[in-house]
Amino acid sequence: MSRVGNKPVAFPSGVTVTVGAQEFTVKGPKGELRQQYDSRIKIAVDNAAKQAVFTRDGNQKEARALHGLYRSLMNNMIIGVTQGYERRLRIVGTGYRVELTGKTLVIQAGYCHPVHFTPVAGVEIELPKSTSREYMDFIVRGIDKQKVMEAAAQLRRVRPPDLYKGKGIRYGDEKVRRLEGKSFASA
């Protein structure tokens, strides 16, 4: 029994869920998302009760895994088209900075060259006004959770946080455990 897959997915008014042959679409105030699904999964949408119910054919391991997966994907899509997703990042370090030129993010992160990052379609990057000289924050936003989190992970990979000095790009809520450097005893 899939605990996640058996829960019905509730969607608020203003959100439309349509199920076609091997694809479901979620349309809301912020946009529209599509997802293909496996033929072993059946989706029943009840517009009066504003919920979708997922069932599966058989009890094979793959079908059980897909049952919960597609239910979670639809739930994430409903949250995306109503509220949207965002991931905050922070760049820490002397001389480290980011600036937005058009849709391209230009990152100065201690390399001899700037790193240019252009997000995929559906993902936006925002630079709020920074008041600190020690770090700069920036926000990755969009309606597709997978694209937003992947873009944030790619940005973090430009310069991961250093464990000794704490410099680099980190998630806004990430705690970096600092390591102690080598110490020499005097003789």
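Residues numbered from 1 in each chain as written. Predicted model: local features only at pLDDT ≥ 70, side-chain atom pairs only at ≥ 80, totals over all residues. Heavy atoms only, no water.

Asker: Describe the side chain of Thr-25, and please don't skip the residues or the numbers.
Answerer: With respect to the helices and strands, the residue Thr-25 is situated in strand E3 (residues 23-28). A residue is classified by how much of its surface remains accessible, and Thr-25, at 8% relative accessible area, is buried. A distance of 3.3 Å separates polar atoms of two side chains, one belonging to Thr-25 and the other to Arg-34. Residues within four places of Thr-25 in sequence aside, it is in contact with Thr-16, Val-17, Thr-18, Glu-32, Leu-33 and Arg-34. (Helix = DSSP H or I, 4+ residues; strand = E, 2+ residues; numbered from the N terminus. Buried < 20%, exposed > 50% of the residue type's maximum accessible area, 1.4 Å probe, protein only. Polar contact = N/O pair within 3.5 Å; in protein donor to acceptor, adjacent residues only side chain to side chain. Contact = heavy atoms within 4.5 Å.)

Asker: Residues and numbers for the nonpolar core, please.
Answerer: Core analysis: the largest hydrophobic core is formed by 22 residues, its most contacted members being Leu-89, Ile-91, Leu-105, Ile-107, Phe-138, Val-140 and Leu-155. When contributions to this core are tallied by element, the ones reaching two or more residues are strand E7 (85-92), strand E9 (104-108), strand E10 (115-117), strand E11 (123-126), strand E12 (135-142), helix H3 (145-158) and strand E13 (168-171). Among the elements that make up this core, the one with the highest residue count is H3 (six residues). Among all residues touching Val-140, those that are not within four sequence positions of it are Tyr-85, Glu-86, Arg-87, Leu-89, Val-123, Glu-124, Ile-125, Val-148, Ala-151 and Leu-155. With 19 residues, the next largest nonpolar core counts Val-9, Val-15, Val-26 and Phe-54 among its residues. (Core = buried A, V, L, I, M, F, W, Y, C linked by side-chain atoms within 4.5 Å.)

Asker: Quick rundown of the pattern of salt bridges? Include the residues and the values.
Answerer: Throughout the structure, instances matching the rule amount to eleven salt bridges. Arg-34 serves as the salt-bridge partner of Glu-32, at 3.0 Å between the closest nitrogen and oxygen. Since its relative accessible area comes to 52%, Arg-34 is described here as exposed. Between Arg-90 and Asp-137 there is a salt bridge, with the nearest N and O atoms lying 2.8 Å from each other. Of the two residues, Arg-90 is situated in strand E7 and Asp-137 in strand E12; the sequence distance between them amounts to 47 residues. You can call Asp-137 partly exposed: its relative accessible area is 23%. Each of the salt bridges in this network shares a partner with another, and the network as a whole consists of Glu-23, Lys-27, Glu-32 and Arg-34. (Salt bridge = Lys/Arg side-chain N within 4 Å of Asp/Glu carboxyl O.)

Asker: So what's going on with the sheet that holds E12? Which residues, and what values?
Answerer: Ordered in space as E11-E12-E7-E13, the four strands form an open sheet in which the pairing is antiparallel. Either end of the sheet is taken by a strand with one partner, and the two such strands are E11 and E13. The average angle at which neighbouring strand axes cross in this sheet is 25°, direction not considered. Across four bridges, the pairing between E11 and E12 is antiparallel. The residue bridging Val-123 from the neighbouring strand is Gly-142, located in E12. Where H3 meets the sheet, its contacts fall on E7, E11, E12 and E13, and the angle it forms with E7 comes to roughly 5°. (Pairing = 2+ DSSP bridges. Axes fitted to C-alpha atoms, helices over the stretch in contact; angles between N-to-C directions.)

Honestly, it's all geometry; don't read function into it.
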